[in-house]
Amino acid sequence: MYTTNYHRASSVDEAAALYAKGTDAKYLAGGHTLLPVMKQRLTAAGDLIDIAKIPALIGIEASGDTLTIKAATTYFDIMHSQDVKRTIPAIAHLTSVLGDPAVRYRGTIGGSVATNDPAADYPAALLALKATVKTNKREITADEFFQGLFMTALDDNELITAISFPVPEKAGYAKMRNPASRFALTGVFVAKLKGGEIRVAATGASQNGVMRVGVIEDALKSNWSASALDNIKVSDDGLMADIHGTSDYRANLIKVMAQRAVEAAG
Ligand SMILES: Cc1cc2nc3c(=O)[nH]c(=O)nc-3n(C[C@H](O)[C@H](O)[C@H](O)COP(=O)(O)OP(=O)(O)OC[C@H]3O[C@@H](n4cnc5c(N)ncnc54)[C@H](O)[C@@H]3O)c2cc1C
């Protein structure tokens, strides 16, 4: 049996201080990844620092050309936010197809981004939208943040405080769900940023976690339409193959999901 001390922090500074003096400390947000992993004895925490009720980590702000979602904001609050629906409706949609109601009530954007599960939805949105991850120490671009399967640029005791998204001209997300887990068998987020840059990111597909899809970006640059992808072939090099789908199947899903995402983006 492991002994775990539970702490509820009321500020970011208090959370960081509790973490620093804890033993095998871990931050706890929605608990939908960390607690199952602890129950399976795949990890243990001497001190669990609950950050879910820290006021500075909860809330959504839309100002000018930026949408900022604080780290402990739940999926439920994100998918119902009028600010999110108005500025980047693709994020509201992505959140509405993430997990199930129980996951959406408790799970947080910060927990998802910190975990960087290779089949999670949010990493695709951050990468395609050129988001910035804000922490209690610095700001990290999405391009630098995601570093491979379950790997991120976060240092030990670095707490994500918010994610900021530049509001794009158009964006869309489409996902083929694993019917059992609800994670993405493959999901694709497409974005046409203000200024014209096209970025496309796929999740659930690569052996190395979330990835950009250059061949689709190139096709959409000259023609932003689903039909522009009709004759595109996505290579299956480096894509996952498992009981849910071959690498070739996932390569085709990237194309099909990208077409649906472009249609959704309009
Ligand atoms: C049945 C089920 C279905 C799911 N389906 C999907 C799905 O379809 N798509 C999807 O994307 N995800 C899915 N998930 C995962 C879900 O999104 C998790 O909630 C998410 O991965 C973690 O968020 P959390 O708030 O629960 O984090 P927690 O479990 O509390 O924490 C996860 C990790 O992140 C760290 N952490 C949390 N917050 C921060 C922070 N602010 N700064 C630094 N580190 C932090 C924790 O220390 C821990 O290591 C599913 C989970 C379940 C159980």
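These numbers come from a predicted model, not from an experiment.

Undergrad: Tell me about the sheet that holds strand 8 (residues 160–166), residues and numbers included.
TA: Ordered by their spatial adjacency, five strands build an open sheet running 4-5-8-6-7, and the pairing between neighbours is antiparallel. Across the chains shown, the open sheet's two edge strands, defined by having one partner strand only, are strand 4 (60–63) and strand 7 (139–141). Pairwise comparison of adjacent strand axes, ignoring direction, gives a mean angle of 20° for this sheet. Sheet topology note: the strand 6 (residues 132–135)/strand 8 ladder contains four bridges and is antiparallel. Pairing of Thr135 across the sheet is with Ile160, part of strand 8.

Undergrad: Let's hear about the layout of surface pockets: which residues, and what values?
TA: Volume-wise, the largest pocket comes out at about 1,300 Å³. Lining the largest pocket we find 48 residues, and of these Thr33, Leu34, Gly111, Ala114 and Thr115 sit closest to its centre. Counting residues per element, the ones that place at least two in the lining of the largest pocket are strand 2 (26–28), helix 2 (34–39) and helix 7 (109–115). The greatest single-element share of the lining of the largest pocket, amounting to five residues, is contributed by helix 7. Of the residues belonging to the lining of the largest pocket, the class tally is 23 nonpolar, 16 polar and nine charged. In this structure, the second largest pocket spans a volume of roughly 180 Å³. Here the residues of the lining of the second largest pocket sort into six nonpolar, four polar and three charged.

Undergrad: Could you give an account of the site of the ligand, with specific residues and numbers?
TA: The local shell around the ligand holds 30 residues, among which Tyr27, Tyr75, Thr108, Asp121 and Arg182 are the closest. Here an oxygen atom of the ligand and a side-chain polar atom of Lys175 are 3.2 Å apart. Phe183 has a polar backbone atom sitting 3.4 Å from an oxygen atom of the ligand. Computed on the free molecule, the ligand has an accessible area of 970 Å², of which 87% lies beneath the protein chains in the complex. With respect to the detected pockets, the ligand is housed in the largest pocket. Sorting the residues of the shell around the ligand by element identifies strand 2 and helix 7 as the ones contributing at least two each.

Undergrad: Kindly report on the packing of aromatic side chains, identifying the contributing residues and their values.
TA: Scanning the model with the defined rule gives five aromatic pairs in all. With 4.6 Å between their ring centres and 20° between their planes, Phe76 and Tyr105 make a pair best called stacked. Of this pair, Phe76 sits in helix 3 (residues 75–80) while Tyr105 is found in helix 6 (residues 101–106), placing the two residues 29 residues apart along the sequence. With a centroid separation of 5.9 Å and an interplanar angle of 35°, the aromatic rings of Tyr173 and Phe189 are classed as tilted. Here Phe189 lies in strand 10 (residues 184–192) and Tyr173 lies in strand 9 (residues 170–177), a separation of 16 residues in the sequence. The class for Tyr173 is buried, based on a relative accessible area of 2%. The class for Phe189 is buried, based on a relative accessible area of 0%.

Scoring rules and cut-offs
Each chain carries its own residue numbering, running from 1 in the written order of its sequence. The predicted nature of this model means local features are confined to residues of pLDDT at least 70 and side-chain atom pairs, given and counted, to a pLDDT of 80 or more, with totals for whole chains, interfaces and linings taken over all residues. Computation of side-chain values: all heavy atoms of the structure, hydrogens and water removed. Any two strands are treated as partners once DSSP identifies two or more bridges connecting them. By the criteria applied, helices consist of DSSP H or I runs no shorter than four residues and strands consist of E runs no shorter than two, each listed in order from the N terminus. Inter-axis angles, ranging from 0 to 180 degrees, are taken between N-to-C directions of lines fitted to C-alpha atoms, where helices are fitted over the stretch in contact. Only protein atoms enter the 1 Å grid, on which a cavity is a set of points fitting a 1.4 Å probe that cannot get out and a pocket is an open set with protein on both sides within 12 Å along at least 5 of 7 lines, lining residues being those with an atom within 4 Å of a point. Grid points are joined across faces, edges and corners, and a volume is the space filled by probe spheres set on the points. In this count, Pro and Cys sit with the nonpolar residues alongside Ala, Val, Leu, Ile, Met, Phe, Trp and Tyr, while Asp, Glu, Lys and Arg are called charged and the others, Gly among them, polar. Nearness here has a simple test: a residue counts as near a molecule or strand if at least one of its heavy atoms is within 4 Å of that partner. In protein, a polar contact means a hydrogen-donor-capable atom and an acceptor-capable atom, both N or O and within 3.5 Å, with residues adjacent in sequence counting only if both atoms are side-chain atoms; elsewhere, any N or O pair within 3.5 Å suffices. Computed with a 1.4 Å probe, the accessible areas rest on the Shrake-Rupley method; for each residue, only the protein chains presented here act as cover. By definition, a pocket or cavity contains a molecule when more than half of the molecule's atoms lie within 2 Å of the pocket's grid points. When two rings of Phe, Tyr or Trp (its six-membered ring) have centres within 6.5 Å they constitute a pair, described as stacked for plane angles under 30 degrees, edge-to-face for angles over 60, and tilted for the intermediate range. Partly exposed describes any residue whose relative accessible area lies between the buried limit of under 20% and the exposed limit of over 50%, with all areas from a 1.4 Å probe on protein chains only and scaled to the type maximum.

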